[in-house]
Amino acid sequence: MSKIIDGKAVAAAVLEECRQEVEQLKARGVTPGLAVVLVGEDPASQVYVGSKVRTCGELGIHSEKIVLPTETTQEDLLAVVERLNADPAIHGILVQSPPPPHIDEEAIVRAIDPAKDVDGFHPENVAKLALEDPSGFVPCTPAGCMRLLKEAGVETKGANAVVIGRSMIVGKPMALLLMAKGSDATVTVAHSRSKDLPGICRQADIVIAAVGRPEMVKADWVREGAVVIDVGINRVEDASRKSGFRLTGDVAYPEVAPKCAAITPVPGGVGPMTIAMLMKNTLISAGRS
Ligand SMILES: NC(=O)c1ccc[n+]([C@@H]2O[C@H](COP(=O)([O-])OP(=O)(O)OC[C@H]3O[C@@H](n4cnc5c(N)ncnc54)[C@H](OP(=O)(O)O)[C@@H]3O)[C@@H](O)[C@H]2O)c1
């Protein structure tokens, strides 16, 4: 019988920790603040930004939501980032991805003060993660996956971990976290050019799927007793739903779950952890300020 790792419950526990940390910070005279910048009208981005701001409100974190029109220039967006960098009431800045195509996202990320880069995407924070320097910020989704593994009592030390996906947001930082001292996993990173992906996955004690392809990981890719963390969030058409779609992960859950020691569902697995870890990072930043 596989154990279902309940991301909603773990995220709720993380947010409860955050609530207490906010009180402690306020007692020291520090009100933590997060600025969320949205350029354009992408509906999914609007939902993400809305839930980040709402979660701040629930925890007593000051938030500033800045919505800019699609035609905002690179220069104007940089000016907003500069203003937030200089604002002592703001400890975390994030510019919701993806921005409109005329915006150079990398340049925007580089313009954010690394000390306020609570997404952990600035090159300085990427380097600190690689160097295992704890003074940086760890990207929220992989940090959330590590917390899920910990809460589920999964032993990473000496485990064979396979990360499918090598993005800067999930795959690469996930691999760094798993191989870091203390986690001590033996990590294989697979991607679209990898040969025999099913065979690679079958070697894994821990599979992290961060691909963006619905139900790609099948039952015969996963060995009996493995732990599977499904990062994927994919919309697939479903006429039986009022919305016309349902969300599914990168793992064929119904066939894979019975073989696993533990697995995260989609939705309700990694998803809720990302915002919770963003709040954590904002409080870390406020604590350092
Ligand atoms: N739960 C959350 O909060 C959260 C947060 C972030 C992302 N996500 C989800 O996680 C998934 C991945 O996100 P991402 O930002 O990392 O995506 P991404 O930037 O598109 O990266 C996808 C990675 O998967 C690899 N890949 C694509 N097709 C493959 C295939 N057939 N076989 C093996 N590898 C393949 C790509 O390889 P190449 O490098 O060779 O192209 C790439 O490294 C998406 O579904 C996204 O929505 C969820």
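Going along each chain's sequence as written, the residues are numbered from 1 onward. Given that this is a predicted model, residues contribute local features only at a pLDDT of at least 70 and side-chain atom pairs are listed and counted only at 80 or more, while totals for whole chains, interfaces and linings are drawn from all residues. Only hydrogens and water are set aside when side-chain values are computed; all heavy atoms of the structure are taken into account.

- For the protein chain, the name recorded in an unreviewed UniProt entry is Bifunctional protein FolD, with Haloferula luteola as its organism.
- UniProt positions are given in the numbering used here, feature names are shortened, and annotations may be inferred rather than shown by experiment. Under the UniProt heading Pathway (unreviewed entry), the entry covering the protein chain gives this text: "One-carbon metabolism; tetrahydrofolate interconversion."
- Its UniProt record, at the heading Subunit (unreviewed entry), says of the protein chain: "Homodimer."

**What about the side chain of N85?**
- Helix numbering and strand numbering both begin at the N terminus, where a helix is a DSSP run of H or I of at least 4 residues and a strand a DSSP run of E of at least 2. Mapped onto the secondary structure, N85 falls in helix α3 (residues 74–86).
- When neighbours within four sequence positions are excluded, N85 is seen to be in contact with I93, A111, I112, D113 and K116. The contact criterion used throughout is that any non-hydrogen atoms of two residues lie within 4.5 Å.

**A closer look at the nonpolar core**
- Ranked by internal contacts, the top residues of the largest apolar core, which has 54 residues, are L149, L178, I206, I208, I229, V231 and M279.
- Element by element, the count of residues in this core is highest for helix α10 (residues 271–288), at eight residues.
- There are two domains that each give this core at least three residues, and those are domain 1 (29–116) and domain 2 (140–271).
- Beyond its immediate chain neighbours, meaning those up to four positions away, L149 contacts V154, T156, L178, I206, V227 and I229.
- Nonpolar core, defined: a set of buried Ala, Val, Leu, Ile, Met, Phe, Trp, Tyr and Cys residues in which side-chain atoms within 4.5 Å join the residues together. Burial classes follow relative accessibility: with a 1.4 Å probe on protein chains only, a residue under 20% of its type's maximum area counts as buried, one over 50% as exposed, and anything between as partly exposed. Among the nonpolar cores identified, the runner-up in size contains 20 residues, and I164, V222, A226 and A257 belong to it. Boundary definitions for the domains trace back to an automatic or database domain assignment.

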